[in-house]
Amino acid sequence: EPEVTQTPSHQVTQMGQEVILRCVPISNHLYFYWYRQILGQKVEFLVSFYNNEISEKSEIFDDQFSVERPDGSNFTLKIRSTKLEDSAMYFCASLDTGNTGELFFGEGSRLTVL
Amino acid sequence: EDQVTQSPEALRLQEGESSSLNCSYTVSGLRGLFWYRQDPGKGPEFLFTLYSAGEEKEKERLKATLTKKESFLHITAPKPEDSATYLCAVNTPLVFGKGTRLSVIA
């Protein structure tokens with residue numbers, strides 16, 4: 001069964017460092033998303049990406065965040081200068097066609113900022 | 001602003017003991033209500049989509065229903081493998097509730 005894969009599974013970084021989280025969406029999918037879940041909190045939308053550009057972003061997704069699809073398979077989330085409050089589980093998700101809520105999520109990347 | 005509230009926060013059932021999880025929502029317009037299952041340390045897994053009041057969807061021991069203000073996830077004769085956190089979300093991009101953590105004891 002096709003799946004969304006994310007790396008790394010866990011990353012520990014120092015405050016102020018840059019972090020890149022990587023995702024390989026399902027191969028025929030066209031819509032890509034990043035969500036995050038702070039421990040004990042709700043899953044929150046960060047950004048959606050379609051046709052090589054951001055289609056929507058939340059207030060959380062400020063200038064410290066960026067996304068990129070550098071080749072035909074990877075989808076990355078970059079945090080330029082991490083803060084303690086960026087510690088969370090980051091989920092990548094993808095969708096084949098249409099803007100529905102039936103997303104396929106990866107297993108997540110746990111980011112710990114010290 | 002879309003809002004989703006789920007209750008109870010946690011639910012402990014004996015195997016075979018049926019129950020329901022509640023999802024109350026406030027939206028300016030509903031374009032879809034979604035149920036997901038999340039196992040510990042994993043990403044959410046899609047279960048159901050509901051679009052209009054009165055709609056019902058079923059999958060094995062789970063049935064989701066929708067009214068104009070809330071949705072219920074009914075679990076009939078649950079098994080230990082049904083233990084997970086069940087998330088409700090509305091619209092796109094998805095706005096999630098905090099979830100109900102279900103434990104089914106053998």
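Residues numbered from 1 in each chain as written. Chains lettered and ligands numbered in written order. Predicted model: local features only at pLDDT ≥ 70, side-chain atom pairs only at ≥ 80, totals over all residues. Heavy atoms only, no water.

What follows concerns the overall build of chain A. Along its length, chain A carries zero helices and eleven strands. In chain A, the order of α-helices and β-strands from amino to carboxyl end is β-β-β-β-β-β-β-β-β-β-β. Its C-alpha atoms give chain A a radius of gyration of 13 Å, near enough to 13 Å, the size a compact globule of 114 residues would have. Within chain A, contacts between residues at least 6 apart in sequence are counted, and of these 54% link residues at least 24 apart. (Helix = DSSP H or I, 4+ residues; strand = E, 2+ residues; numbered from the N terminus. Rg over C-alpha atoms; globule rule 2.2 N^0.38 Å. Contact = heavy atoms within 4.5 Å.)

A separate point is the packing of aromatic side chains. Per the stated rule, a full pass over the model turns up 14 aromatic pairs over all chains. Taken together, a centroid distance of 5.5 Å and an interplanar angle of 40° make the contact between Phe32(A) and Phe75(A) tilted. Separated by 43 residues along the polypeptide, Phe32(A) in strand S4 (residues 31-37) and Phe75(A) in strand S8 (residues 75-79) bring together distant segments of the chain. Grouping residues by exposure puts Phe32(A) and Phe75(A) together as buried. Ring geometry for Tyr33(A) against Tyr35(A): centres 6.4 Å apart, planes inclined by 40°, an arrangement best described as tilted. A relative accessible area of 0% places Tyr35(A) in the buried class. An aromatic cluster is defined as three or more aromatic residues linked by ring pairs; in this entry it consists of Tyr33(A), Tyr35(A), Phe45(A), Phe91(A), Phe105(A), Tyr36(B), Phe46(B) and Phe96(B). (Phe/Tyr/Trp six-rings, centres within 6.5 Å; stacked < 30°, edge-to-face > 60°. Buried < 20%, exposed > 50% of the residue type's maximum accessible area, 1.4 Å probe, protein only.)

Counting residues at the interface gives 18 residues for chain A, matched by 18 residues for chain B. Between Glu107(A) and Lys42(B) there is a salt bridge, with the nearest N and O atoms lying 3.2 Å from each other. For the pair chain A and chain B, the number of links is eight residue pairs in polar contact (both at pLDDT 80 or more). (Salt bridge = Lys/Arg side-chain N within 4 Å of Asp/Glu carboxyl O. Polar contact = N/O pair within 3.5 Å; in protein donor to acceptor, adjacent residues only side chain to side chain.)

Attention now moves to the pairing of strand S4 (residues 33-38) of chain B. Residues and elements named next belong to chain B. A large share of S4 lies buried, amounting to six of its six residues. Side chains Leu33, Trp35 and Arg37 of S4 all project onto a buried face; the interleaved residues Phe34, Tyr36 and Gln38 project onto the opposite face, where all are buried too. As paired strands, S4 and strand S5 (residues 45-50) are joined by five bridges and run antiparallel to one another. Residue pairing in the sheet places Phe34 in a bridge with Thr49 of S5. (Pairing = 2+ DSSP bridges.)

Now for the pattern of salt bridges. Residue and element names in this part refer to chain B. This model, assessed by the stated rule, comprises six salt bridges over all chains. For the salt bridge of Lys57 with Glu55, the shortest nitrogen-to-oxygen distance reads 3.6 Å. Notably, a salt bridge pairs Asp82 with Arg61, separated by 2.8 Å at the nearest N-O pair. With a gap of 21 residues between them, Asp82 in the loop between strand S8 (70-75) and strand S9 (84-90) and Arg61 in the loop between strand S6 (56-59) and strand S7 (62-66) connect regions that are remote in the sequence. Residue Asp82 is classed as buried on the basis of its relative accessible area of 6%.

Turning to the state of the cysteines, a few remarks are in order. All names here are of chain B. Applying the stated criterion to the full structure yields two disulfides over all chains. Here Cys23 connects covalently by a disulfide to Cys88, the sulfurs 2.0 Å from one another. As the torsion about the S-S bond is roughly -60°, the Cys23-Cys88 disulfide counts as left-handed. Highlighted residues: Cys23 in strand S3 (residues 19-26) and Cys88 in strand S9, separated in sequence by 65 residues. Across the pair, Cys88 and Cys23 agree in class, each one buried. (Disulfide = S-S within 2.5 Å.)

Moving on, we come to the sheet that holds strand S3 (residues 19-24) of chain A. Residues and elements named next belong to chain A. What the four strands build is an open sheet, ordered S1-S3-S8-S7; its pairing is antiparallel. The open sheet has two free edges, formed respectively by strand S1 (5-7) and strand S7 (65-68), since each of these has just one partner strand. Sheet twist, expressed as the average angle between the axes of neighbouring strands with direction ignored, equals 20°. The sheet contact formed by S1 and S3 spans three bridges and is antiparallel. Note on S3: the bridge partner recorded for Thr7 is Arg22. (Axes fitted to C-alpha atoms, helices over the stretch in contact; angles between N-to-C directions.)

Let us look at the nonpolar core. Core analysis: the biggest nonpolar cluster contains 22 residues, and Leu33(B), Trp35(B), Leu73(B) and Tyr86(B) have the highest contact counts within it. Elements with a minimum of two residues in this core: strand S2 (10-14), S3, S4, S5, S7, S8, S9 and strand S11 (100-105) of chain B. No other element matches the four residues that S9(B) contributes to this core. Ranked by size, the runner-up nonpolar core spans 21 residues in total, among them Phe49(A), Phe65(A), Ala88(A) and Tyr90(A). (Core = buried A, V, L, I, M, F, W, Y, C linked by side-chain atoms within 4.5 Å.)

So, to be careful, I would describe these as geometric facts and stop short of saying anything about function.
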